[in-house]
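Spelled out from the first residue to the last, the chains are:
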Amino acid sequence: MPSAPQLRSLCPVRPARAEDESALVALDRATWSTLHSVQPEPRPPYPPFFDDRHRPAEYLLAEAVTDTGGTDLAGYIRLARPTPLACNAHVRQIQGLAVAEWARGHGVGRVLLRAAYAEARRLGAGRITLRVLGHNAPARALYASEGFTVEGVLPGEFFLNGRYVDDVLMGRPLTP
């Protein structure tokens, strides 16, 4: 088995393109865990990554130059509208964040969050929200360090691996 790449430097975050689908599928499968997913573990036949509800324009990608001299997908964040309602158009919601195992601990998640804030502001949003599982302490700590506060908790909302897990709602303003 080949060894994982070593991150040398991050490239600027960029929007996803349709041709990124296979890399995104691979990253999504490699990072799947009940620590952050309420969906069953993906099994073949796999659905497409992009579809009518998950468009490339909603994803921002972090790529990294690795020790091999190539560029690999280090992570992604999905930024979407939480509802189609006009009265809610000032809000964007993070609906997915994944960082490759080999890229963790290098600030990729933080870089993606900050790129999402800039993109949300560009789209006219004044607020950003997310949902995170209560037992996902690393993600909750990252979000709190970036100014997100807990705005609500749905106790025992999900039953995962034989136990009930809270759904934690977090948000923050997008003031500069």
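Student: Honestly, the pattern of salt bridges in this entry has me stumped. Any pointers?
Tutor: Once the charged atoms of two side chains with opposite charge are near each other, the side chains can pair. Following the criterion strictly, the structure yields 12 salt bridges and no others. Glu41 is the salt-bridge partner of Arg43, the closest N and O atoms lying 3.8 Å from each other. The exposure class of Arg43 is exposed, given its relative accessible area of 56%. Arg110 is the partner of Glu146 in a salt bridge, and the nearest nitrogen-oxygen pair spans 2.7 Å. With Glu146 in the loop between helix H3 (137-145) and strand S7 (149-160) and Arg110 in helix H2 (residues 108-122), this residue pair connects regions lying 36 residues apart in the sequence. Given a relative accessible area of 6%, Glu146 falls into the buried group. Arg110 gets classed as partly exposed once you look at its relative accessible area, which sits at 30%. Within the structure, one salt-bridge network assembled from shared partners comprises Arg14, Asp20 and Glu63.

Student: So what exactly am I meant to see when it comes to the environment of Gly126 here?
Tutor: Secondary-structure assignment places Gly126 in the loop between H2 and strand S6 (127-133). Classification of Gly126 by relative accessible area gives partly exposed; the value is 39%. For the pair Gly126 and His90, spaced 36 residues apart in the sequence, the C-alpha separation amounts to 5.6 Å. Excluding its chain neighbours within four sequence positions, the residues that come into contact with Gly126 are His90, Pro173 and Leu174.

Criteria and thresholds
- Residues numbered from 1 in each chain as written.
- Predicted model: local features only at pLDDT ≥ 70, side-chain atom pairs only at ≥ 80, totals over all residues.
- Heavy atoms only, no water.
- Salt bridge = Lys/Arg side-chain N within 4 Å of Asp/Glu carboxyl O.
- Buried < 20%, exposed > 50% of the residue type's maximum accessible area, 1.4 Å probe, protein only.
- Helix = DSSP H or I, 4+ residues; strand = E, 2+ residues; numbered from the N terminus.
- Contact = heavy atoms within 4.5 Å.

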